[in-house]
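Residues per chain, in single letters:
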Amino acid sequence: MLELDMDLPPGVRADAARPLLREQMADAGALWLEGLREAFATDAETGAVTEWRDSICGCVAHPTEPSIGHTLLSEADGLSGLALRAGTHCGLVVDKVDPDPAGWSMAVIYLPPETGGARTLLTLNAGSGDGRSATYLFLSDDGDRFTVKGTGGALELTAPVEGPRSRPRLATVTQRGSELAFQENGGAIHSVVGSDAAMSGNADLFIGCRSHRPGLLKTLGASVILEVLFWRDHTLLLPRKEADRAQHMALRRYMLWGH
Amino acid sequence: MARKTTKNDPAEGAAAGHGVLVRAANGDVIRYDPSGLVMRLSDKVIDDIALRLGTSPAGQAQAPAGQAPAVTRADPHELLEGIDAWDARIDGDWLIFAARLAGRQGIRTFRRPLSGGDIIADAPGPLYGVLAIGGPRAALATPGGSEFPQHVLAPADDIGAVGHAGVERAGTHDRLEHLREMTHEALVAETLLGWQLEKFEALPLFLTRAETDSSATSADLATGRAYKNLITAAANLSRAAAALGKRAKILAIHLDFALEDMSGSAAAYRDGILALMAQTERDLGQLGFDKPLFVARFESGGPEVATEAAIEGQWELIWNHADHRLIFSAPGYMFAQDDHDRPTEAARREMAEMTAAAISAADDWRCPTFHLAERLSQEGGSIIRVVAQAAGDLVIDKDDPFRVGKTAGFTLMGADNGARVTTVKIDPGDPKSLLLECSKAPEGAELRVAYAFGAGDRGCGSVRDDWQMQGATGRGLHRWALPCLLPVRDGDGDA
């Protein structure tokens, strides 16, 4: 092996996927909960996750009301993430992520369970503050099929799961007005046109659940959530401007080099 | 720029064949993996590569026309003589064309290997496998091709949907061919396609294959030639899908082995099938398939055909199939037989419809299954309550299509005092329980209740749930209760 006694910029390095994406996402004012041990704060006694801190905008994900000490940290193969258990409310929420009603995107990288579905992965819930009774839009993986559905309008999309269970999966969702688009890893972009799901700026981003409601247990599957990404005003899969394409390219390249 | 050269420490490499060639002070620059060098190229180099490949510079919107795979106009009359085809083009190893061909699928796009072979549909979605393993009866097939000749296919080994019958070892193939005879699995695929066609939904491609041998027990089946050929069929499914640029998916594996088992033991039969399912999941997992759905028909018959061990062994599997995905599509008694105890043409179509319905519902499919028989203390002990697990409320079919009469297919076995079932009705307090009225209070140390077993020469019943479907033959299909053989317990006296 040839060792060079000099520092090189991240773009040259084969192991710099993370700093590169962080730099790109900072330009877009996006939110990124990274699968790094130091991004998590845990309860000293129980080990339960108490916070997942974003590395760009300083936002924090905290456990939902029913998730009382349920959220555990998974650490395997150098990856840290949220270990979700089927039928148990283990979710976190980032309050007030402020999506632009004209268009926003969210993405999640996760390890699916060996059998069954990961179920609810992400939900953007435009609740009236308490996140209980409101319009929301969720992304779910039932093992064979992805579902992206807005409860407020006629906006629903399903797509077959293509990737193997053994590798981390990237699922990306973009809403642009009445259009909804979805992509698994770098596969085909599925899209539908429906009625506007009316996501106001007053929405919370739920991770691994749909709301603060303790019920809906069958919507809760087992998986390890490794990374959560949110762009409040970039439409990665339905691009309008160069910046949207650049963010999408950066995400795709991160998945290629980082996972 | 200082530099030094060190020998790679083998312990440093995470995986064999992976490592670092050039490392800067703050990170890796050039790595390698078994396929080649791993490094990041600058925008300038990517632009240069794009220019020299004749495509647009990187970073711009995708899908300029030049990026599509090379497509050559071909003369359809030269390549497709005798076929009403148009819009033919060559894409890689394939000739792709629109045509009007025989079959219910109508006018659509088809494809054929340039090197020759059968025409198959240019279909959306994965390549679905409907596979089967069983004894010689599972190889039963109707001569003739499918109503969807270019959609229902088999590996191109010139053997068709009926596999190698345990006679020889299956070979490796990545091509598909039409069927010349229709097995149960081929009829299932055809049924599913028919339903899709009616709904104007996608018509995917199916590969069907039934592998059989003459194993005497379920344990032998798990280690026999049929099993090895089944795994080869799954591998061929993967190969054929890859050649089409598709994903391979196993829709279901039909387990057609019950009356064949000669072990004489319900537990041995059950354990053999459990071992077969575990081994199949493991071997298919290594080929990259998800855990498959197993589907079986509950084989029944009179005492000359079905043994007590066969009934009890299958019944055991309903309750105890570990974490394997196993469903029973229907009881065998609902299907008409000819004079040689073989299912009639119409019955084979109905079998396929029941299997297709069960596969479509997957883990939610359940035929009514009796699991408890208890003698009630009222009426002098002459009433037996039989409790079922069912997806819907129980129905005693008034039309009585299998002519079992007032007993609905229930009989008492081991009643020393000659008591017999006289009337059967639904328990007014529980729509999933039945009340069996007997001629007198039955007595006997080995007293058992049998359903669809031992009654008449075929073993039938008239209990079902409220699910129904119109079959292609015109007959209404129902989800009939599965046979059972239950010991009678004394009720708790609360009735």
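Residues numbered from 1 in each chain as written. Chains lettered and ligands numbered in written order. Predicted model: local features only at pLDDT ≥ 70, side-chain atom pairs only at ≥ 80, totals over all residues. Heavy atoms only, no water.

**What to know about the environment of Thr120 of chain A**
Residue and element names in this part refer to chain A. The topology assignment puts Thr120 in strand β10 (residues 119-126). Classification of Thr120 as buried rests on a relative accessible area of 0%. C-alpha of Thr120 to C-alpha of Gly91: the two residues are 29 residues apart in sequence and 9.7 Å apart in space. Beyond its immediate sequence surroundings of up to four residues, Thr120 is in contact with Leu139, Ser140, Gly208, Cys209, Arg210 and Thr219. Among the polar contacts listed, one links the side chain of Thr120 to the backbone oxygen of Thr219, at a separation of 2.7 Å. (Helix = DSSP H or I, 4+ residues; strand = E, 2+ residues; numbered from the N terminus. Buried < 20%, exposed > 50% of the residue type's maximum accessible area, 1.4 Å probe, protein only. Contact = heavy atoms within 4.5 Å. Polar contact = N/O pair within 3.5 Å; in protein donor to acceptor, adjacent residues only side chain to side chain.)

**Section: the side chain of Arg270 of chain B**
Residue and element names in this part refer to chain B. Looking at the secondary structure, you find Arg270 in helix α6 (residues 266-286). The buried category is assigned to Arg270, whose relative accessible area is 16%. Once residues within four sequence positions are removed from consideration, Arg270 is found in contact with Gly313, Glu316, Leu317 and Asn320.

**A word on the nonpolar core**
Residue and element names in this part refer to chain B. Counting 128 residues, the largest nonpolar core has Phe370 and Phe410 as its most contacted members. Here this core gets 10 residues from one element, more than from any other, and that element is helix α5 (residues 225-244). The contact partners of Phe410, leaving out residues within four places of it in the chain, are Phe370, Val386, Val421, Val424, Leu434, Leu436, Val449, Ala450, Tyr451 and Val463. (Core = buried A, V, L, I, M, F, W, Y, C linked by side-chain atoms within 4.5 Å.)

**Considerations on the interface of chain B and chain A**
With 28 residues of chain B at the contact, the number on the chain A side is 25 residues. Of all residues in chain B, Asn26, Arg40 and Arg247 of chain B give up the largest surface area on contact with chain A, accounting jointly for 28% of the area buried on that side. Linking chain B with chain A are three salt bridges, by the criterion used here. The partner of Lys249 of chain B in a salt bridge is Asp144 of chain A, and the shortest N-O contact between them spans 3.6 Å. Along the contact surface separating chain B from chain A lie 11 residue pairs in polar contact (both at pLDDT 80 or more). Elements with a contribution of two residues or more to the side of chain B that touches chain A: β1 (3-5), β2 (19-24) and β3 (27-33) of chain B. Considering every element that reaches the side of chain B that touches chain A, the biggest residue donor is β2 of chain B, with five residues. Per-class residue counts for the side of chain B that touches chain A are 11 nonpolar, six polar and 11 charged. Where strand β1 (residues 2-4) of chain A and β2 of chain B come together, two bridges link them in parallel fashion. Across the sheet, the residue bridging to Leu2 of chain A is Val22 of chain B, located in β2 of chain B. (Buried area = accessible area lost by both parts, 1.4 Å probe. Salt bridge = Lys/Arg side-chain N within 4 Å of Asp/Glu carboxyl O. Nonpolar A, V, L, I, M, F, W, Y, C, P; charged D, E, K, R; others polar. Pairing = 2+ DSSP bridges.)

**Quick look at the sheet that holds strand β27 (residues 476-480) of chain B**
All names here are of chain B. Taken in spatial order, the three strands line up as β21-β26-β27 in an open sheet, and their pairing is antiparallel. Because the sheet does not close on itself, it has two edges, and the strands there are β21 (395-396) and β27. Examined bridge by bridge, strand β26 (residues 463-470) and β27 share four bridges and lie antiparallel to one another. Bridging from a neighbouring strand, Gln470 pairs with Gly476 of β27. In the packing of helix α8 (residues 345-361) onto the sheet, the strands contacted are β26 and β27, and the crossing angle to β27 comes to about 60°. (Axes fitted to C-alpha atoms, helices over the stretch in contact; angles between N-to-C directions.)

The values are spatial; any link to function lies outside them.
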